Amino acid sequence: MQPMRETLRWYGPDDPVTLDHVRQTGATEVVSALHHIYDGRAWSDDDIAPYKSRIAAAGLIWDVVESVPVHNDIKIAGPGRAARIAAYQDTIRALGRQGLTTLCYNFMPVVDWTRTNLRHKMPSTGYALRFDAVDFAAYDLFVLRRPGVAQDYSNAQIAAAETRFQTLTPDEMAAIERTLIAGLPATERKFDRASFLDALRDYDGITPADLRANLAYFLSEIVPVAEEAGIKLCIHPDDPPFSLYGLPRVVSTAADIRAIFAAADTPTNGLTFCTGSFGVRQDNDLVAMVREFGPRIHFVHLRNVTREPDGSFHEADHLGGSTDMPAVVIALMREQDRRRAEGRTDWNLPMRPDHGHLLADDIGKARINPGYSLIGRLKGMAELRGVMHGAIAMEGAG
Ligand code: DNO
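Just so you know, these numbers come straight off a predicted model, no measurement behind them.

Parameters and conventions
Residues numbered from 1 in each chain as written. Predicted model: local features only at pLDDT ≥ 70, side-chain atom pairs only at ≥ 80, totals over all residues. Heavy atoms only, no water. Pairing = 2+ DSSP bridges. Helix = DSSP H or I, 4+ residues; strand = E, 2+ residues; numbered from the N terminus. Axes fitted to C-alpha atoms, helices over the stretch in contact; angles between N-to-C directions. Contact = heavy atoms within 4.5 Å. Buried < 20%, exposed > 50% of the residue type's maximum accessible area, 1.4 Å probe, protein only.

Draft legend 1. Representation of the sheet that holds strand E9 (residues 297-302) within the structure. Sheet architecture is closed into a barrel: 8 strands sit in the order E1-E2-E3-E4-E7-E8-E9-E12, paired in parallel fashion. Strand-to-strand twist across the sheet, computed as the mean angle between neighbouring axes with direction ignored, equals 30°. Of the strand pairs in this sheet, strand E2 (residues 29-32) and strand E3 (residues 61-66) are connected by 4 bridges, and their pairing is parallel. Bridge pairing in E3 places serine 32 opposite valine 65. Strand contacts of helix H4 (residues 81-97): E3, strand E4 (102-106) and strand E7 (232-236), with the helix running at about 155° to E4, the strand carrying the most contacts. Packed onto the sheet, helix H13 (residues 325-342) meets strand E8 (269-274) and E9 and runs at close to 160° relative to E9.

Draft legend 2. Layout of the pairing of strand E12 (residues 350-353). Along E12, one buried face is formed by Pro350 and Arg352 and the opposite face, lined by Met351 and Pro353, is buried too. Across 2 bridges, strand E1 (residues 5-9) lies against E12 in parallel orientation. Looking across to E12, one finds that arginine 5 is bridged to proline 350. The pairing of E9 with E12 spans 3 bridges and is classified as parallel. Bridging from a neighbouring strand, histidine 301 pairs with arginine 352 of E12.

Draft legend 3. Structural context of the side chain of threonine 179. Structurally, the position occupied by threonine 179 is in helix H7 (residues 170-181). Since its relative accessible area comes to 13%, threonine 179 is described here as buried. Here threonine 179 is in contact with Arg115, Thr116, Asn117, Leu118 and Leu184, once residues within four sequence places are set aside.

Structure (structure tokens):
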């Protein structure tokens, strides 16, 4: 077995985590995007080339793009769809010309990744990101009060949310609202309550089958372009992998991935294997999913979650939580072996430790990207590197 390629996400020149910091973690590559062009406009060669050189000048590689945002008109088949898809195709061609190979994107309606609490105190005294299903329902039912909200919850959930709502102070609820709709790092849209309700209205009458069809159409338009440009596409699963605000979500389960793969049956149409997203559902068997989808996994996010019975979860240590991380890492390294034996040149998978706890000197810094402070990710990287090298040493020892 061989280790996976170690990468770290970098948010660009404004990221308080510098490229030198990335190198200090031992990572050899960054995963990044042109975070200043996040409005559906195409990225040109002139945008991409200097960004790539800047990373190279710091001694790092930029090969994996995360993400090129998919405009809402593409998700709802809105009037601007054709123009937005044309821009996306142009971006793919430019990335190919500039020598990048892998493009991670997602197809989550309205909200990208979602948490209710960015500072959940852990027994270690560090802080984790948390999704509290009861806080979420309390906000949705009693603050946002979107039309038809009650039909998305059971009576027991409504009762629990009401009790919670009564115990939360207005300040606490305002913090939950900010966390939910005002945007986490790398989400392209930020809302206030009124604009958020407007955005939800775009999805009135859009069923999961409609969203799946819109994704299939998008794939039929971009996969041939990506194939020609030498770009591997890898869709990121929904985070969390279930419906929020009554919105459809179609990238949550093994069955979803099967349907997406079938919609354009070529390795170019691949997957970002995010253990943190898939791992929120107990019915996702992660090792089985690596075995099934392995040949089309192009990028790996390694993160652990501790699941709670009511759908809540928090982000655990990379080797803690509900997911057997070493088992997943070993399954991925076996997939690399399988590819090598097959003669595939793209056998070496890029992985990144996804998110990390807020720890040590990062606590109290004026500016951090939640989940993306340095020290927590450095710890995650070190632990995951240990798993990889430990597994290799065990194999060698027979
Ligand atoms: C959260 C990330 C997401 C992810 C996008 C991919 O930390 O995993 O922001 O990058 O959903 O498109």
